[in-house]
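The residues making up each chain are set out below.
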Amino acid sequence: MCYDGDGYSEQAQQFLPEIDVFIGSEFYYTKLFGDSEEYEKNLRSVMEKGPRIVVFTLGDKGSVVAWKDGYYFAPGYKVKVVDTLGAGDVYHGGYIFAMMQGKRPDECARFANAVAAIKCTGIGGRAGTPNLEMVEQFLETGTFDRSLIEEKTKLYANFGV
């Protein structure tokens, strides 16, 4: 089971033994560990409670991931941020997608960071959500074709979404 830990809760902490992949937000991390940047140590302390993979998103700084055989700090990508609405949601989707493709946890974090970064270049929770081609292009070149985001922005504007 993969858990989306946006906001901290005692109930979520109780479920940790049942969770395989825990992905928490920077808000959850701060509630648990304050401003500590001892990421690996802190992620491993969450792993001790059950999850085999622990990930925390860190906003524009990127994300951190720990698993049995490794730890990785995945730096954030520098993009022109327009709107962060939905960035956490698409990060989770990107991470799970990459995981289902058989990628290592560090590769999943890097991929998910790219998905979230691209999303932040578009307005709203939907228009900026990239497709696979855009993410692959961004990972390879550092740029991506914005035409899909522009099309979706116009479409959603016409429907008042």
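Before reading on, note that the structure itself is shown above.
Asks: Mind showing me how you'd approach helix 4 (residues 87–100) here?
Replies: In an α-helix, one turn spans 3.6 residues, which is why side chains three or four residues apart end up on the same side. The terminal C-alpha atoms of helix 4, which comprises 14 residues, lie 20 Å apart, in line with the 20 Å expected from a rise of 1.5 Å per residue. Along helix 4, the residues that are buried comprise Ala-87, Val-90, Tyr-91, His-92, Gly-94, Tyr-95 and Ala-98. Tucked into the core, helix 4 has its buried residues touching strand 1 (2–5), strand 2 (21–24), strand 3 (53–57), strand 4 (62–67) and helix 5 (105–119). At the exit of helix 4 stands Gly-102, carrying a positive phi of roughly 85 degrees.

Asks: Whenever I open this one, the packing of helix 4 against helix 5 confuses me. Can you help?
Replies: The axes of two packed helices give the description: the angle between them and the distance between them. Their axes nearest at 8 Å, the elements helix 4 and helix 5 cross at an angle of 145 degrees. For the crossing formed where helix 4 meets helix 5, the hand is right-handed. Counted together, Ala-87, Val-90, Tyr-91, Gly-94, Tyr-95, Phe-97, Ala-98 and Met-99 of helix 4 and Pro-105, Cys-108, Ala-109, Phe-111, Ala-112, Asn-113, Val-115, Ala-116 and Lys-119 of helix 5 form the full contact between these two elements.

Asks: Help me out: how do you make sense of the pairing of strand 3 in this one?
Replies: Side chains on a regular strand alternate between the two faces of the sheet. Taking burial as the measure, the 5 residues of strand 3 include 5 buried ones, the bulk of the element. Burial of the side chains of strand 3 extends over both faces: Ile-53, Val-55 and Thr-57 are buried on one face and Val-54 and Phe-56 on the other. In terms of strand pairing, strand 3 meets strand 4 through 5 bridges, oriented antiparallel. By the bridge assignment, Thr-57 is partnered in strand 4 with Ser-63. Once strand 3 ends, the chain turns through 4 residues before running back antiparallel as strand 4, passing Gly-59 with a positive phi of about 65 degrees.

The rules behind these values
- Residues numbered from 1 in each chain as written.
- Predicted model: local features only at pLDDT ≥ 70, side-chain atom pairs only at ≥ 80, totals over all residues.
- Heavy atoms only, no water.
- Helix = DSSP H or I, 4+ residues; strand = E, 2+ residues; numbered from the N terminus.
- Expected span 1.5 Å × (residues − 1).
- Buried < 20%, exposed > 50% of the residue type's maximum accessible area, 1.4 Å probe, protein only.
- Contact = heavy atoms within 4.5 Å.
- Axes fitted to C-alpha atoms, helices over the stretch in contact; angles between N-to-C directions.
- Left-handed = near helix turned anticlockwise from the far one by under 90°.
- Pairing = 2+ DSSP bridges.

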